[in-house]
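So you can see what is in the structure, the chains are spelled out below.
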Amino acid sequence: MTVSRIEAAPFAWEFDPSRTALVCIDMQRDFVEPGGFGETLGNNVALLGAIVPTVHALLEWCRARGMLVVHTREAHRADLSDCPPAKRLRGNPRLRIGDAGPMGRILIDGEAGAAFVPGLAPVAGEIEIVKPGKGAFYATALGDILRLKGITHLLFAGVTTEVCVQTTMREANDRGYECLLVEDATESYFPEFKRATIEMIRAQGAIVGWTAPFAALCAAA
Ligand code: C5J
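Keep in mind that what you see is a predicted model, and the values were worked out from it rather than measured.

Engineer: Mind showing me how you'd approach the pairing of strand β7 (residues 127-131) here?
Structural biologist: Regular strands place side chains that alternate from one sheet face to the opposite one. Side chains Ile127, Ile129 and Lys131 project from β7 onto a buried face, and the interleaved Glu128 and Val130 project onto a face without burial. In this structure, strand β4 (residues 68-74) lies alongside β7, joined through 5 bridges in parallel fashion. Note that in β7 the partner of arginine 73 across the bridge is valine 130.

Written as structure tokens, this is what we have:
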């Protein structure tokens, strides 16, 4: 077993790359590009696009170490049979899930908007999870896959920090995984929500997990 150590908050995070996976959450056009789900909810999507180079560098860092990489997308079946009416009907968005938008039907698997942003798609051997909820363990095979691969530690990246990333990290923490969020490889439409999420994850002695900037991974012993 090879153990690496990252200078993280609230204290150092130790991991064995052969038992660690990167979970890259929802880096898809519907959240990051104009005309998608994120923008129909009234958000300015420009902030999210800024992390694409760091997420790409993190993917390459994990690939270079032979780590398992998991990519998630939030998307629904074309007939919306996996989309709770409560999710589709809530609020007053310009377009609802399933409506036709400039990148195809909003948040529907197979449409252009539901695809990964250019440069961040899985490569051969990586895992793709399509999820109907905010948490990546809900109604997916993620838990079984991680267990079968012998994974004990998870790195997290992606969007949005306080919704799908935080939900999945909490689900993973409850399942016994040691989780670290890469601070500059995640983003929110609301900078104050990102800041608060990072603080609450690592508060109380890493109650949900650890956080560290990508540079700390690059400096890992
Ligand atoms: C949201 C997500 N924000 N991927 N989804 O609805 O965080």
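Engineer: Help me understand the sheet that holds strand β10 (residues 210-212) in this model?
Structural biologist: In sheet architecture, strand pairing relies on hydrogen bonds along the backbone and comes in two forms, parallel and antiparallel. Strand order in this open sheet of 6 strands is β7-β4-β3-β8-β9-β10, and the pairing throughout is parallel. Looking at the sheet topology across the chains shown, the edges are occupied by β7 and β10. Strand-to-strand twist of the sheet, defined as the mean angle between neighbouring strand axes without regard to direction, takes the value 25°. On the sheet, helix α8 (residues 191-206) packs against β9 (178-187) and β10 and is oriented at approximately 160° with respect to β9.

Engineer: Hey, could you run me through the nonpolar core in this one?
Structural biologist: Within soluble globular proteins, side chains that are nonpolar generally end up buried alongside one another. Formed by 43 residues in total, the largest nonpolar core has its most connected members in Ile6, Met27, Leu58, Leu155, Leu180 and Leu217. If you list the elements that add at least two residues to this core, you get β2 (13-15), β3 (20-25), α1 (29-32), α4 (52-64), β8 (153-159), β9, β10 and α9 (214-218). Non-local contacts of leucine 58, meaning those with residues more than four positions away in its chain, are made with Leu22, Ala157, Val182, Ala185, Phe214 and Leu217. If you look at the next biggest cluster of nonpolar residues, it comprises 25 residues, including Ile151, Ala172, Tyr177 and Leu181.

Engineer: Honestly, the site of the ligand in this entry has me stumped. Any pointers?
Structural biologist: Neighbouring residues of the ligand: Asp26, Phe31, Phe37, Glu74, Lys134, Val159, Thr160, Val163 and Cys164. Side-chain polar atom of glutamate 74 to a nitrogen atom of the ligand: 3.0 Å apart, as the coordinates give it. Against a free-state accessible area of 230 Å², the protein chains account for coverage of 93% of the ligand. Grouping the amino acids of the shell around the ligand by side-chain chemistry returns 5 nonpolar, 1 polar and 3 charged.

Engineer: Even after reading the chapter, I still don't get the state of the cysteines, so can you show me in this structure?
Structural biologist: For the structure shown, the criterion picks out 0 disulfides. Left without a disulfide partner, cysteine 83 is nearest to the cysteine sulfur of cysteine 164, which lies 13 Å away. Classification of cysteine 83 by relative accessible area gives buried; the value is 8%. In this structure cysteine 164 comes out as buried when scored by relative accessible area, which is 3%.

Engineer: How do you make sense of α8 when you look at a structure like this?
Structural biologist: Side chains that are three or four residues apart share a direction in an α-helix, a result of its 3.6 residues per turn. For α8, which comprises 16 residues, the first-to-last C-alpha distance of 21 Å matches the rise-based estimate of 22 Å (1.5 Å per residue) to within 8%. Buried within α8 are the following residues: Lys194, Thr197, Ile198, Ile201 and Ala206. Those residues of α8 that are buried are in contact with α7 (161-174), β9 and β10.

Criteria and thresholds
- Residues numbered from 1 in each chain as written.
- Predicted model: local features only at pLDDT ≥ 70, side-chain atom pairs only at ≥ 80, totals over all residues.
- Heavy atoms only, no water.
- Buried < 20%, exposed > 50% of the residue type's maximum accessible area, 1.4 Å probe, protein only.
- Helix = DSSP H or I, 4+ residues; strand = E, 2+ residues; numbered from the N terminus.
- Pairing = 2+ DSSP bridges.
- Axes fitted to C-alpha atoms, helices over the stretch in contact; angles between N-to-C directions.
- Contact = heavy atoms within 4.5 Å.
- Core = buried A, V, L, I, M, F, W, Y, C linked by side-chain atoms within 4.5 Å.
- Near = heavy atom within 4 Å.
- Polar contact = N/O pair within 3.5 Å; in protein donor to acceptor, adjacent residues only side chain to side chain.
- Areas by Shrake-Rupley, 256 points an atom, 1.4 Å probe, with all protein chains shown as cover.
- Nonpolar A, V, L, I, M, F, W, Y, C, P; charged D, E, K, R; others polar.
- Disulfide = S-S within 2.5 Å.
- Expected span 1.5 Å × (residues − 1).

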